[in-house]
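# Structural features, examined
The primary structure of each chain is shown beneath.
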Amino acid sequence: MNAIYEMKFLDYGCLAELLRLQDLVAALLPCKEIFILHEEEYFRQVLSRERSALGFFAGEQLIAFSIIRIPGLSSENLGRDINLQEKELGGVAHLQAAAVHPAHRGHGLQRRLILAHLAVIEEMGYDHACCTVSPKNPVSLGNYLSCGLAIEGLCPKKHGWWRFILHKNMKNEGDKNESCAQKAVSRISITDIEGQLNLIKRGFKGFSIANKAEGAQIFYGEF
């Protein structure tokens, strides 16, 4: 599909389109665990905060979106899952959700939205960007990893569904994920939850993913 995409920040006028797009994306997923649906009130709250919702349009149609959320010191702050110090939690911003219309995938839109929202988080003065990704969604995981986030946690979240906890220290831009390749590196199947929990407990972080015939493999490095 040859389409011209325009990236814009979203406002209340996009509420209905946001809801339709998230419902469409969720309905077509091979596994419902991959994507958690949000209610209309959630999107209203997001849209009330400047630059918190970003989207791509193809003509007049919203075909992709990204959301950031500031968790404050709430129990939902993902910094708690990766053992950030209490004094650091106020500096955490969440890359809360991202979705791309199935007909417009393969154009790098999710990655572009992630990078744009990381820049917003940095401009807003937050020191840490965190997000969750399902182990059943290797494509999205690869996009986040390629944007400089690393897997630092893995635990059950809402509905008991497993989620990787990814983190990027915005203060330490020079510390790229690739640097861990100079130390001990372990490759492991994305489906091996127990093995990954053991690596994370030992201080390893996931920094790259490769799709193999036998399934997705994640590279963990010792930082």
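Since the structure is predicted, the reported quantities are computational estimates derived from the model, not experimental observations.

To continue, consider the environment of glycine 59. Positionally, glycine 59 belongs in the loop between strand E2 (53–58) and strand E3 (61–69). For the pair glycine 59 and glutamate 6, spaced 53 residues apart in sequence, the C-alpha to C-alpha distance is 7.9 Å.

Let us look at unusual backbone geometry. The backbone of arginine 51 sits at a positive phi, close to 70°, despite the residue not being glycine. As for its position among the elements, arginine 51 is in the loop between helix H2 (40–47) and E2. In the Ramachandran plot, histidine 159 falls in the positive-phi region, its phi being about 65° despite a non-glycine side chain. Take histidine 159: it is sitting in the loop between strand E6 (150–156) and strand E7 (162–169).

Here we take up the side chain of glutamine 22. Relative to the elements of secondary structure, glutamine 22 occurs in helix H1 (residues 15–27). A polar side-chain atom of glutamine 22 sits 2.7 Å from the main-chain carbonyl oxygen of histidine 38. Residues in contact with glutamine 22, not counting those within four places in the same chain, are Phe35, Ile36, Leu37, His38, Phe43 and Phe65.

On to the nonpolar core, then. Leu95, Leu141, Tyr144, Ile151, Phe164, Leu166 and Tyr220 are the most contacted members of the largest nonpolar core, which has 31 residues in total. Contributing elements (two or more residues each) for this core: strand E4 (92–100), helix H3 (109–123), strand E5 (128–133), helix H4 (138–146), E6, E7, helix H5 (193–201) and strand E10 (215–222). The element contributing the most residues to this core is H3, with 4 residues. Setting aside residues up to four positions removed in sequence, leucine 141 forms contacts with Val133, Ile151, Phe164, Leu166, Ile190, Ile209 and Ile218. Leu10, Leu21, Phe65 and Ala99 belong to the second-largest nonpolar core, a separate cluster that totals 23 residues.

The interhelical angle for the contact between H1 and H2, taken along N-to-C directions, is 130°, at an axis separation of 10 Å. Taken together, the axis directions place H1 and H2 in an arrangement best described as oblique. The way H1 lies across H2 gives a crossing that is right-handed. Between H1 and H2, the residues in contact are Leu15, Leu18, Leu19 and Gln22 and Glu40, Phe43, Arg44 and Leu47, respectively. Residue classes in the contact of H1 with H2 are distributed as 5 nonpolar, 1 polar and 2 charged.

Along its 13 residues, H1 runs 18 Å from first to last C-alpha, staying within 8% of the 18 Å computed at 1.5 Å per residue. Of the positions making up H1, those classed as buried are Leu15, Glu17, Leu18, Leu19, Leu21, Gln22, Val25 and Ala26. Residues of H1 that are buried make contact with H2, E2, E3 and E4.

To continue, consider the packing of aromatic side chains. Under the defined criterion, the tally for this structure stands at 4 aromatic pairs. Arranged with centres 6.4 Å apart and planes meeting at 50°, the rings of phenylalanine 207 and phenylalanine 219 form a pair that is tilted. On the criterion of sequence distance, the pair formed by phenylalanine 207 in strand E9 (residues 204–212) and phenylalanine 219 in strand E10 is long-range, its members being 12 residues apart. What makes phenylalanine 219 partly exposed here is its relative accessible area of 21%. Looking at lysine 8, its charged tip hangs above the ring of phenylalanine 57, at a distance of 5.0 Å from the centre.

Attention shifts here to the confidence of the model for the protein chain. The pLDDT averaged across the protein chain works out to 92; a share of 94% of its residues lies at or above 70. Ranking the elements of the protein chain by mean pLDDT puts E9 last with 93 and E5 first with 98.

Attention now moves to the pairing of E7. By the criterion of burial, E7 is predominantly enclosed, with 6 of the 8 residues buried. Pairing geometry for E5 and E7, over 6 bridges, is antiparallel. The residue bridging histidine 128 from the neighbouring strand is asparagine 169, located in E7. In this sheet, E7 lies alongside E6 in antiparallel orientation, the contact comprising 6 bridges. Bridge pairing in E7 places isoleucine 151 opposite leucine 166.

Conventions adopted
Residues numbered from 1 in each chain as written. Predicted model: local features only at pLDDT ≥ 70, side-chain atom pairs only at ≥ 80, totals over all residues. Heavy atoms only, no water. Helix = DSSP H or I, 4+ residues; strand = E, 2+ residues; numbered from the N terminus. Polar contact = N/O pair within 3.5 Å; in protein donor to acceptor, adjacent residues only side chain to side chain. Contact = heavy atoms within 4.5 Å. Core = buried A, V, L, I, M, F, W, Y, C linked by side-chain atoms within 4.5 Å. Buried < 20%, exposed > 50% of the residue type's maximum accessible area, 1.4 Å probe, protein only. Axes fitted to C-alpha atoms, helices over the stretch in contact; angles between N-to-C directions. Parallel < 35°, antiparallel > 145°, perpendicular 65-115°, else oblique. Left-handed = near helix turned anticlockwise from the far one by under 90°. Nonpolar A, V, L, I, M, F, W, Y, C, P; charged D, E, K, R; others polar. Expected span 1.5 Å × (residues − 1). Phe/Tyr/Trp six-rings, centres within 6.5 Å; stacked < 30°, edge-to-face > 60°. Lys NZ or Arg CZ within 6 Å of the ring centre and 35° of its normal. pLDDT = per-residue confidence, 0-100. Pairing = 2+ DSSP bridges.

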